[in-house]
Amino acid sequence: MRHGHPVVAFDLDGTLLRSTTASLVLADAMGHRPAVEELERLYGAYEIDNHEFATREAVLFTGATPAQIRGHLRSAPWIGGVRETLTALADSGRTLLLATLAWRFAAEELEYRPFFAEVCGAGMELTEGGVLSGRVAQHIDEEGKLAFVARWCEAHGVGLDEIAVVGDSRSDVPLFRAAGTSIALNATADARAVADHALDTEDLRDILPLLDGAV
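So, here is what we can say about the structure in this document.

With that settled, consider unusual backbone geometry. The backbone phi angle of Y46 is positive, close to 65°, even though this residue is not glycine. In this fold, Y46 is placed in the loop between α2 (33–44) and α3 (50–58). For Y46, a relative accessible area of 54% translates into the label exposed. Positive phi values are uncommon outside glycine, yet N186 reaches one of about 50°. Its location among the elements puts N186 in the loop between β7 (181–185) and α9 (189–194).

What follows is about the packing of helix α1 (residues 22–30) against α2. At a minimum axis distance of 8 Å, the contact between α1 and α2 shows a crossing angle of 160°. Here α1 lies roughly antiparallel to α2, going by the angle between them. Judged by residue contacts, S23, L24, A27 and D28 of α1 engage R33, V36, E37 and E40 from α2. Taken together, the residues that form the contact of α1 with α2 break down as three nonpolar, one polar and four charged.

Taken in spatial order, the six strands make up an open sheet running β3-β2-β1-β6-β7-β8, and their pairing is parallel. Edge positions in the sheet fall to β3 (118–119) and β8 (197–199), since each has one partner strand and no second. The pairing of β7 with β8 spans three bridges and is classified as parallel. Following the sheet pairing, L185 is matched in β8 by L199. Sheet strands touched by helix α7 (residues 142–155): β1 (7–10), β2 (95–98) and β3. Its angle to β2, the strand with the most contacts, is close to 150°.

Mapped onto the fold, G130 is located in the loop between β4 (123–126) and β5 (132–138). Taking the C-alpha atoms as reference, G130 lies 8.7 Å from G63; in sequence the two are 67 residues apart.

Our next topic: the packing of aromatic side chains. Both the distance between ring centres and the angle between the ring planes are used here to describe each pair of aromatic rings. For the coordinates displayed, the defined rule picks out six aromatic pairs. Residues W78 and Y112 carry aromatic rings whose centres are separated by 4.8 Å and whose planes lie at 85° to one another, so their mutual orientation is edge-to-face. Highlighted residues: W78 in the loop between α4 (66–73) and α5 (82–91) and Y112 in the loop between α6 (104–107) and β3, separated in sequence by 34 residues. Comparing W78 with Y112, the two get one shared label, buried.

Turning our eyes to something else, we now look at the pattern of salt bridges. Taken as a whole and judged by the stated rule, the model has 15 salt bridges. Salt-bridge contacts for E202 lead to R18; the nearest nitrogen and oxygen are separated by 2.9 Å. On the criterion of sequence distance, the pair formed by E202 in the segment after β8 and R18 in the loop between β1 and α1 is long-range, its members being 184 residues apart. Residue E202 is classed as exposed on the basis of its relative accessible area, which comes to 52%. For D203, the salt bridge identified is with R205, shortest N-O distance 2.7 Å.

Before going further, it helps to examine the pairing of β1. Side-chain alternation along β1 places V7 and A9 on one buried face and V8 and F10 on a second face that is also buried. Where β1 and β2 come together, four bridges link them in parallel fashion. Residue A9 lies in a different strand from β2, and its bridge partner there is L97. Note that β1 and strand β6 (residues 164–167) share three bridges and pair parallel. Paired with V8 across the strands is A164, a residue of β6.

The next point concerns the packing of α2 against α3. Relative to each other, α2 and α3 sit at 175°, their axes nearing to 10 Å. Here α2 lies roughly antiparallel to α3, going by the angle between them. Every residue of α3 that contacts α2 at V36, L39, E40, L42 and Y43 is listed here: N50, F53, R56 and E57. Among the residues making up the contact of α2 with α3, the classes are represented as five nonpolar, one polar and three charged.

The subject of this paragraph is the environment of G123. Mapped onto the fold, G123 is located in strand β4. Counting along the chain gives 26 residues from G123 to V149, while the straight-line C-alpha distance between them is 17 Å. When residues no more than four places from it in sequence are discounted, the contact partners of G123 are W103, R135, V136, A137 and Q138.

Rules used in this analysis
- Residue positions within a chain follow its written sequence, with the count starting from 1.
- Two thresholds apply to this predicted model, a pLDDT of at least 70 for residue-level local features and 80 or more for giving and counting side-chain atom pairs, whereas whole-chain, interface and lining totals are computed over all residues.
- To obtain the side-chain values, all non-hydrogen atoms of the structure were used and water was disregarded.
- Only DSSP runs of H or I covering at least 4 residues are called helices, and only runs of E covering at least 2 are called strands; the numbering of each starts at the N terminus.
- Think of it in three bands: with a 1.4 Å probe and only protein chains considered, a residue is buried below 20% of the maximum accessible area for its type, exposed above 50%, and partly exposed in between.
- Comment: axis = line fitted to C-alpha atoms, over the contacting stretch for helices; angle = value between 0 and 180 degrees taken between N-to-C directions.
- To sort the angles, those under 35 degrees are grouped as roughly parallel, those over 145 as roughly antiparallel, those from 65 to 115 as roughly perpendicular, and the leftovers as oblique.
- Contact between two residues is taken to exist if any of their heavy atoms lie within 4.5 Å; hydrogens are not considered.
- Residues are sorted three ways: Asp, Glu, Lys and Arg are charged, Ala, Val, Leu, Ile, Met, Phe, Trp, Tyr, Cys and Pro are nonpolar, and all the rest, Gly among them, are polar.
- Any two strands with at least two DSSP-identified bridges between them are counted as paired.
- Stacked, edge-to-face and tilted are the three classes for Phe, Tyr and Trp ring pairs, Trp counted by its six-membered ring, which pair at centre distances within 6.5 Å; planes under 30 degrees apart are stacked, over 60 edge-to-face, the rest tilted.
- Criterion for a salt bridge: a side-chain nitrogen of Lys or Arg within 4 Å of a carboxyl oxygen of Asp or Glu.

Okay, here's the thing in structure tokens:
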């Protein structure tokens, strides 16, 4: 049985991953944290765009294997109540999407990946030896996140006005504007300005009452 919005799309960095990003988790493990912190600072200050960010960051992960990425991500700091929230939503019949600008190779290796019907993200080529090439295969920006969710919805007969979106930053703004319900979670001012709800919490379960029928 379904309750409320049949589809809930989540952002990853800063939303499900609390106070960090998948890139920083990987950078910590691989010794590149200062370089990634500087890229994130430049992006946050609107000094570089997603294309430039991904192009410059990609080279830092050259040579890593999917198995190594999976191992590095085991230390990722999730917001509290992630498993309980995703389980409750899935058990109520909702479909979950992961709409992120993070690397798709990272999103596919996440601990909670099985909860999501589909994910998006920036793409990186693998070499014939099965390691990351350091070359971007597919760029994505905030409009790409919206396009990903819109394509999924069109293919499955769901209107964008039927979905709920949970995010925290400027990359979620186009989705917030298109969705039926938007929740700015521990969010920046620009995300809060366009969201239906703004919530500050360390437990993801607190979003459940906002999804048009508690589960």
